[in-house]
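Summary of the model geometry
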Amino acid sequence: MTALARFRPAGRNRSAGARKTVTFGDASEVKGSPSWSIASLIFLFLVWWWIKRGPDPMVNDRTFPSLRQSWDAFFELVNSGYRRVGLWDHTWASLWRVLKGLAYGVVVGVPVGFAMGLSNRLRGIFDPVVELLRPVPPLALLPLFIVWFGIGEGSKVNLLFFAAVWIMVIAARAGVLGVQGSKVHAAYSLGANRWQILRYVILPNALPDIFTGMRVALGVCWGTLVAAELTGTTTGLGAMIFAASKFFRMDIVVVSIIIIGVIGVTMDLIMRFLERRLIPWRGKG
Amino acid sequence: MKDLSVDGLGMVYELPKGGSVEALHNVSFDLKAGRLLTLLGPSGCGKTTLLNIIAGFLAPTSGSVTLGGDPITGPGQERGMVFQQGALFEWQTVSQNVAFGPRMNRKKRSETETLVRDLLSTVGLQGFGDKAVYELSGGMQQRVALARCLANDPEVILMDEPLGALDALTREKMQGLILKLWQETGKTIVLVTHSVEEALYLGDRLFVMAPRPGRIEREYELPFAKDGLDVDPREMKASPEFIAKREELLSLIWEMEEQIMGHEGAVS
């Protein structure tokens, strides 16, 4: 044993490379485990299957569709759509509404958030509006929106906009307030004017927060979608759920829920991918 | 070349709980163009406040600062700034960071490219232009900050503990770089530090500042910076003259610290 041996990481010496002995509480050591995720999914399906074959008389094919039934319903939807509208058209209608609502939310929310982060007066003006309306559930506004924007697309997109905009305001404001004073000072000392400070220092500094806001808003919009499609439309995944529930087609309800979930996850993965490509400096400041 | 003139500077901070702190009291001095002034003192002596006033980030409560006769009222590119933590723009590459000043001034792209390449080799970062700044070590980041500051060809370079976050070895190397830049460019530099050795080695002039109220306690004219590049830095720092000065300054600052402790002890 040389003196150096004491500095080798503890643990079994046979293993190649260093190994940490303290992992509990070390965030960099917690990366998830794909095999356990797959196991968890399988377990979920097992629970589903187990409830189905249980003795509870309330659980029958009408109230609780089996895996098999749902799978069949999915193919029925893929092949012939629902109520003369193809599954893809339902999905696309929903997706388009969500993306529109989010886009409006970003276009309005980011400038407002910036204004609130940059000016006392504008912060004062917008604070009560934002704080009062932010906690209101979008669904509560549906009756008003229908009266104001019509029963068609207008009320739906506006409802999704309402769900997104406050999140974007808060995110953009946090982004602006998170700018290090020394960076702004450095930029002024390098000859930047106010506009250049905004464009070349504050905006890039706030982009990571804005992107996080977009991810959260996308999730919330997707979650508000079913409420938005409650009335006045025959297209969209939410509308499909309501129509199917009236005819007690729980298999179609279940399939729609799964589709909404899968699309939600996919969109988040896309956003994360874009984030890595577009904002590689996140967290490196 | 413009001289820096500080006249009767006073700065009083109002405390949120009432009362006030006099961070600077009647600070006056003239700094000829091309000199390297180091500011040394215990915490709370107002050295960073003084630097921020010269930079134009703070307005003094009394007195004035002029550069070449023009009063300073806000930040400006004739006074470049180097911060302790680089304050680099992490969304830009090394080259883009250095090119920031010229870009803000809408300088020609081709000229800027040449300038950036020259500056990067001046600070010893040739070949690093396309790296992201967060890929560099702390010392290299400070090199980028120096190059970025030089790109605008400022009259004065203000440095707020520029090497304070670096390890001892990197710090020595960077001191050499600062001396080299000073001698080659002939710029006026004001450098705040809490390292006695650094203040002595780099300062062609040195102010020891004292707290409560913040003021210039003692002034020195030093020979070390002028010879700094010709003599081996370790040798210089080990020379009897250097050590004598170092001990003198240390005991001066120790005394101040003791007084502050005594003062605070009496209050609490």
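Residues numbered from 1 in each chain as written. Chains lettered and ligands numbered in written order. Predicted model: local features only at pLDDT ≥ 70, side-chain atom pairs only at ≥ 80, totals over all residues.

1. Focus: the overall build of chain B
When helices and strands are tallied, chain B shows ten helices and ten strands. Scaling as 2.2 N^0.38, a compact globule of 268 residues should have a C-alpha radius of gyration of about 18 Å, and chain B matches this with 19 Å. Principal-axis analysis of the C-alpha atoms places the extent of chain B at approximately 60 × 45 × 35 Å. Burial statistics for chain B: of 268 residues in total, 43% are counted as buried. Taking the intrachain contacts of chain B between residues at least 6 apart in sequence as the baseline, contacts between residues at least 24 apart amount to 69%. (Helix = DSSP H or I, 4+ residues; strand = E, 2+ residues; numbered from the N terminus. Rg over C-alpha atoms; globule rule 2.2 N^0.38 Å. Buried ≥ 20, exposed ≤ 12 C-beta atoms within 10 Å, placed from the backbone. Contact = placed C-beta atoms within 7 Å.)

2. Details of the overall build of chain A
In terms of regular secondary structure, chain A is built from ten helices and zero strands. Along chain A, helices and strands appear, N-terminal first, in the series α-α-α-α-α-α-α-α-α-α. Taking the principal axes of the C-alpha coordinates as reference, chain A spans close to 70 × 70 × 30 Å. Among the 285 residues that make up chain A, the fraction classed as buried is 31%. Residue pairs in contact within chain A that sit at least 24 positions apart in sequence constitute 69% of those at least 6 positions apart.

3. Topic: the packing of helix α3 (residues 87-118) of chain A against helix α4 (residues 120-133) of chain A
Residue and element names in this part refer to chain A. Across the interface, α3 lies against α4 with an axial gap of 6 Å and an inter-helix angle of 125°. Classified by the angle their axes make, α3 and α4 are oblique. The crossing of α3 and α4 is left-handed. Facing V112, A115 and M116 of α3, the residues of α4 in contact are L122, R123 and F126. (Axes fitted to C-alpha atoms, helices over the stretch in contact; angles between N-to-C directions. Parallel < 35°, antiparallel > 145°, perpendicular 65-115°, else oblique. Left-handed = near helix turned anticlockwise from the far one by under 90°.)

4. A few points about helix α6 (residues 153-177) of chain A
Residue and element names in this part refer to chain A. In this model α6 runs 36 Å from its N-terminal to its C-terminal C-alpha over 25 residues, within 8% of the 36 Å that 1.5 Å per residue would give. At A164, α6 shows its largest bend, some 25°. Counting buried positions along α6 gives 20 out of 25 residues, so the element sits mostly inside the fold. (Expected span 1.5 Å × (residues − 1). Bend = angle between axes of the 7 residues up to and from the residue.)

5. Some details on the interface of chain B and chain A
With 20 residues of chain B at the interface, the matching set in chain A holds 16 residues. Residue assignment for the side of chain B that touches chain A shows that the elements contributing at least two residues are β6 (79-82) and α3 (100-104) of chain B. Classifying every residue of the side of chain B that touches chain A gives twelve nonpolar, six polar and two charged. (Nonpolar A, V, L, I, M, F, W, Y, C, P; charged D, E, K, R; others polar.)

6. Concerning the packing of helix α5 (residues 142-149) of chain A against α6 of chain A
All names here are of chain A. It is at 8 Å that the axes of α5 and α6 come closest, and there the two elements cross at 135°. Judged on the interaxial angle alone, α6 and α5 are oblique. Note that α5 runs across α6; the crossing there is right-handed. Touching L142, F145, I146 and F149 of α5 are G154, S155, N158 and L159, all from α6. In the contact of α5 with α6, the residues fall into five nonpolar, three polar and no charged.

7. So, the nonpolar core
In terms of nonpolar packing, the biggest core is built from 131 residues, with A164, M168 and C221 of chain A together with A147 of chain B touching the most fellow members. Looking at this core, the element that brings in the most residues is α6 of chain A, giving 15 residues. Both domain 1 (4-78 + 156-227) and domain 2 (87-153) of chain B contribute no fewer than three residues apiece to this core. Apart from residues no more than four positions distant in its own chain, C221 of chain A is found in contact with V98, G101, L102, L160, A163 and A164 of chain A. (Core = buried A, V, L, I, M, F, W, Y, C linked by C-beta atoms within 7 Å. Domains from an automatic or database assignment.)

8. Here we look at the sheet that holds strand β5 (residues 70-71) of chain B
All names here are of chain B. Overall, antiparallel pairing links the four strands, which are arranged β2-β1-β4-β5 in an open sheet. Unpaired on one side and paired on the other, β2 (20-31) and β5 mark the two borders of the sheet. Sheet topology note: the strand β1 (residues 4-14)/strand β4 (residues 62-67) ladder contains five bridges and is antiparallel. Across the sheet, the residue bridging to L4 is L67, located in β4. Packed on one face of the sheet, helix α1 (residues 47-55) meets β1, β2 and β4 and runs near 60° to β2. (Pairing = 2+ DSSP bridges.)

9. Considerations on the environment of P55 of chain A
Residue and element names in this part refer to chain A. Within the secondary structure, P55 sits in the loop between α1 (34-53) and α2 (67-80). Judged by C-beta crowding, with 5 C-beta atoms within 10 Å, P55 ranks as exposed. Considered as a pair, P55 and M240 are 185 residues apart in the sequence and their alpha carbons are 31 Å apart.

10. Quick word on the confidence of the model for chain B
For chain B, per-residue confidence averages 90 on the pLDDT scale, and residues scoring 70 or more make up 98% of the total. The ipTM assigned to the predicted complex is 0.91, against a pTM of 0.84. (pLDDT = per-residue confidence, 0-100.)

11. So, α1 of chain B
In an α-helix, one turn spans 3.6 residues, which is why side chains three or four residues apart end up on the same side. Residues and elements named next belong to chain B. α1 sits mainly inside the fold: eight of its nine residues count as buried. By the burial criterion, the buried members of α1 are K47, T49, L50, L51, N52, I53, I54 and A55. Among the residues trailing α1, G56 stands out with phi positive, at a value near 95°.

12. Examining the domain arrangement of chain B
All names here are of chain B. If you check the domain split of chain B, you get domain 1 (4-78 + 156-227) and domain 2 (87-153). A straight line from the C-alpha centre of domain 1 to that of domain 2 covers 24 Å. Counting residues at the interface gives twelve residues for domain 1 and ten residues for domain 2. If one sorts the elements of the side of domain 1 that touches domain 2 by residue count, helix α6 (residues 168-185) sits on top with six residues.

13. Observations regarding the sheet that holds strand β10 (residues 215-221) of chain B
Residue and element names in this part refer to chain B. Taken together, six strands build an open sheet; the order of strands is β6-β7-β8-β3-β9-β10 and the sheet is mixed. Strands at the two margins of the open sheet, each flanked by one partner only, are β6 and β10. Between one strand and the next, the sheet's axes are offset by a mean angle of 20°, whatever the strand orientation. Inspection of the sheet shows strand β9 (residues 205-210) paired to β10 by six bridges, in the antiparallel sense. Following the sheet pairing, R205 is matched in β10 by E221.

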